[in-house]
Amino acid sequence: ASVLDATRFADSDASTNQYNHAYIRIDEKVGAGPSVGERQLVVNAGFAGATGDFTTNAFTATVASGTDFSLHFTLDPDELVEAINLVLSNTFHRTYHPLSVVTNHDFETGGPTPPTSWTASSTNTLTQTSTAARVSWGRYSARHQNNGAVAGSYFSSATINVNEGDVWFVWVTAQADVGTGRLIAYNLTGSANLETADTNEEAHTDLAFTFTIPSGCETMEFRLAGTAGTTDDVYWGPIVAFPAARSIFNLPSWMDESHRLSGLFWLPVGAGSGGTSEDLAYRSFEGKPQPLEYQPLFDPLQANPRRVILDLRSVSGGVFVYGWRPFAELTEADTSPTTLMDHDTLITGALSECHRKIENRLALINPENALWHRAEAARLENEFTALLGTHDYAEPETEEVLPMRVHVRLR
């Protein structure tokens, strides 16, 4: 395989062996070329300085013109990604997360179209958006456009199994940019609406109600619809729903230890929205958060290892858990991965990990250089710790286990 960059690497005085066994990593997928993350070694005498041409072991496809790539001498590029992900997965940020029995209730799992576990009823479309003005809580909202579909088109949640006679509560935020948004609790067994709430407000609006599961109903779903016409365009925030009498709830999978759970609260709805043709609609952000008493229930050997016990019978608004969440690791699918972690903090932490890797590699063959890398890793670790405090991140937890000394009397 050949990778050519005459602009940056042309050097008529260079040795053909100058880049022996260096890694070339693909950083951008172009056309039918190799995927992001593929890397190959430059072969012996594989550099043509006059043209800046590298000869490498074969990629899975021909490297296309215009492909971004990077050159790595010391560490395998995968080790760099490993160092970055080690920092991300062991650094925690504060977060609020809605508590709900609805799958992908916060539209965080993108899909990408529609978000995972949500299904469009017709030619209507559902997309994930992170535009701040369109997000009420969390990182994303779902944008529902009828796009010429019949009025009343909707997208539906995953099926929920229910018990007859149970009283349920549901709360969701909505912005009706065009038309009217309708929240529907739908009886799948009996093919009938259980209850609905409407808004045609451009401002963030809470839709909330309680309803009872009728006799004969075994399954239900929630539908988020546009009911005014074929051009309805509505943004939906997280949907919180649960049986009012339920007292044990699963926590998000990322909350893997009980001490990272800081508390739970609920949001009372505001005053009635009062717009034309609105029903069970309330102004958002007016109710002050109310704390909830809770008891963590963690057992790593259970099929559902992260749970919480609480009483939600008096709740009339969205319920949220807050605590410390690890940053998501970077994943690449022929795109440039992104993270919300502060850039300087991430780079400093990752460089510290890389110096540790190099130290370990040199420990036996070049102890003097290994000591330098150890000192550099320690310096960067101190900078990293200071940056964690600056950005209000939680430090990775470490525990030093000292060897136990046992005195034995020989007879």
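You'll find the structure just up there.
What counts as what
Residues numbered from 1 in each chain as written. Predicted model: local features only at pLDDT ≥ 70, side-chain atom pairs only at ≥ 80, totals over all residues. Heavy atoms only, no water. Pairing = 2+ DSSP bridges. Helix = DSSP H or I, 4+ residues; strand = E, 2+ residues; numbered from the N terminus. Axes fitted to C-alpha atoms, helices over the stretch in contact; angles between N-to-C directions. Core = buried A, V, L, I, M, F, W, Y, C linked by side-chain atoms within 4.5 Å. Buried < 20%, exposed > 50% of the residue type's maximum accessible area, 1.4 Å probe, protein only. Contact = heavy atoms within 4.5 Å. Phe/Tyr/Trp six-rings, centres within 6.5 Å; stacked < 30°, edge-to-face > 60°. Lys NZ or Arg CZ within 6 Å of the ring centre and 35° of its normal.

Asker: How should I be thinking about the sheet that holds strand S24 (residues 318-326) in this particular structure?
Answerer: Paired through backbone hydrogen bonds, the strands of a sheet run either parallel or antiparallel to each other. What the 4 strands build is an open sheet, ordered S6-S24-S19-S21; its pairing is antiparallel. For this open sheet the edge positions go to strand S6 (92-98) and strand S21 (290-292), each flanked by a neighbour on one side alone. Averaged over all neighbouring strand pairs, the angle between strand axes comes to 30°, with direction disregarded. Relative to S21, strand S19 (residues 261-267) runs antiparallel, the two sharing 3 bridges. Bridge pairing links Phe265 to Pro291 in S21.

Asker: Whenever I open this one, the nonpolar core confuses me. Can you help?
Answerer: Note that soluble globular proteins tend to have their nonpolar side chains buried in a common cluster. Counting residues in each nonpolar core, the largest one holds 28 residues, and the members touching the most others are Leu183, Phe211, Phe222 and Trp236. Contributing elements (two or more residues each) for this core: strand S12 (167-178), strand S13 (181-187), strand S15 (205-212), strand S16 (219-226) and strand S17 (233-243). If we ignore the near neighbours within four places in the chain, the residues touching Leu183 are Val170, Val172, Glu195, Thr196, Ala197, Leu207, Phe209, Phe222, Arg223, Leu224, Trp236 and Ile239.

Asker: What exactly am I supposed to notice about the packing of aromatic side chains here?
Answerer: Any aromatic ring pair is given by two values, namely how distant the centres are and how the planes are angled relative to each other. Per the stated rule, a full pass over the model turns up 25 aromatic pairs. Each ring, one from Trp171 and one from Phe320, has its centre 6.0 Å from the other, and the planes form 80°; the classification is edge-to-face. Pair noted here: Trp171 is in strand S12 and Phe320 is in strand S24, with a separation of 149 residues, a long-range link. Considered together, Trp171 and Phe320 belong to a single accessibility category, that of buried residues. Cluster of aromatic residues (ring-pair linked, three or more members): Tyr96, Trp137, Trp171, Phe265, Phe285, Phe320 and Tyr322. Sitting over the face of the ring of Tyr186, Arg223 holds its NZ or CZ atom 3.4 Å from the ring centroid. Lying across the ring of Phe249, Arg246 places its NZ or CZ 5.2 Å from the centre.

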